[in-house]
Amino acid sequence: MILMYHNIDEKAGFNTVSAENFERQLRFVKQHWQFTDMDTYVRECHTNPRLATLTFDDAYYCLFTFGQDILGELDIPVTVFVPVYHVGSDNCWDEEEPEYQKIETLSWWAIEQLSQNPLFTFGSHGMTHVSLRYFKKEDTVKDLRESKEILEEHLQKAVDYYAFPYGQKRDFGYATPELLQEIGFKAACTTLWKLNNLRENPYRLHRVEVRPTDSLEDFQRYLTSKPDFRFLKQQIKNVLR
């Protein structure tokens, strides 16, 4: 299972889970799954359905102010996906969304500081947080390659993982598994809902999005209920789109 968050803060809000709920959710998962880093998850997820790994999209500043303390206390590794052009800025791509709130993104200094923490891994979320469905093939290659290279230059370490902006099937564009592998990524995360990746291509990994409105009871229910109604909803969405 790959958990997907965006932002955490004292109170829940736009794309934001409260820090209290976040910690309670992680403690529940830790009781029933084995948290691991992305490297181990990608290597072993096809044989171990009880593995869990944590991801954050958009690289918000909450990871510096709240995240590192909570994750340090619980000893849980995280992979953070960075929209490179928006480092040190905000979530301007959300401005047309209902209930939009501006959220600050990490600066390069903060990313470099967090990258020294062994619990933190950074991956690419593209250059501009634009769906790849709008890109020609040459622009797709440029976006993927440049985002990886710029992150590696700042971090002075390999950037092995990618997360598709928006992340549904229509957002893959020309970014085939073969192209992602050729550019040097080991795996890629989608926003397609599923509790495990036992049969998934590593460049099409499914995730479990945690919503700001999810109570602990909601969270527990959709991680343990059968049938998985959110997975069924995802299947319908795949057909319609």
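Up top is the structure.
Because the structure is predicted, anything quoted here is derived from the model rather than measured.

What counts and what doesn't
- Residues numbered from 1 in each chain as written.
- Predicted model: local features only at pLDDT ≥ 70, side-chain atom pairs only at ≥ 80, totals over all residues.
- Heavy atoms only, no water.
- Core = buried A, V, L, I, M, F, W, Y, C linked by side-chain atoms within 4.5 Å.
- Buried < 20%, exposed > 50% of the residue type's maximum accessible area, 1.4 Å probe, protein only.
- Contact = heavy atoms within 4.5 Å.
- Axes fitted to C-alpha atoms, helices over the stretch in contact; angles between N-to-C directions.
- Helix = DSSP H or I, 4+ residues; strand = E, 2+ residues; numbered from the N terminus.
- Left-handed = near helix turned anticlockwise from the far one by under 90°.
- Nonpolar A, V, L, I, M, F, W, Y, C, P; charged D, E, K, R; others polar.
- Polar contact = N/O pair within 3.5 Å; in protein donor to acceptor, adjacent residues only side chain to side chain.

Participant: Before we go on, may I ask you to explain the nonpolar core in this structure?
Facilitator: One recurring pattern in soluble globular proteins: nonpolar side chains tend to sit buried together. Core analysis: the biggest nonpolar cluster contains 65 residues, and Leu3 and Leu54 have the highest contact counts within it. For Leu54, the residues in contact, after removing those within four places along its chain, are Leu3, Tyr5, Phe22, Leu26, Phe35, Leu71, Ile76, Pro77, Val78 and Thr79. If you look at the next biggest cluster of nonpolar residues, it comprises 12 residues, including Ile2, Cys45, Phe81 and Cys189.

Participant: What is the right way to look at the packing of helix 1 (residues 19-32) against helix 7 (residues 216-224) in this model?
Facilitator: In helix packing, the relevant descriptors are the interaxial angle and the interaxial distance, both defined with respect to the helix axes. The geometry of helix 1 relative to helix 7 is characterised by a closest axis approach of 10 Å and an angle of 30 degrees between their N-to-C directions. For the element pair helix 1 and helix 7, the recorded crossing hand is right-handed. Facing helix 1, whose interface residues are Arg24, Gln25, Phe28 and Val29, helix 7 presents Leu216, Phe219, Gln220, Leu223 and Thr224. Residue classes in the contact of helix 1 with helix 7 are distributed as five nonpolar, three polar and one charged.

Participant: Help me understand the environment of Gln68, please; the structure alone is not making it clear to me.
Facilitator: You can see Gln68 is positioned in helix 3 (residues 62-74). A C-alpha to C-alpha distance of 30 Å links Gln68 and Glu200, two positions 132 residues apart in sequence. Setting aside anything within four residues of it in sequence, one finds Gln68 in contact with Leu63, Leu114 and Phe120. Within the structure, the side chain of Gln68 is placed 2.8 Å from the backbone oxygen of Phe64, a separation counted as a polar contact.

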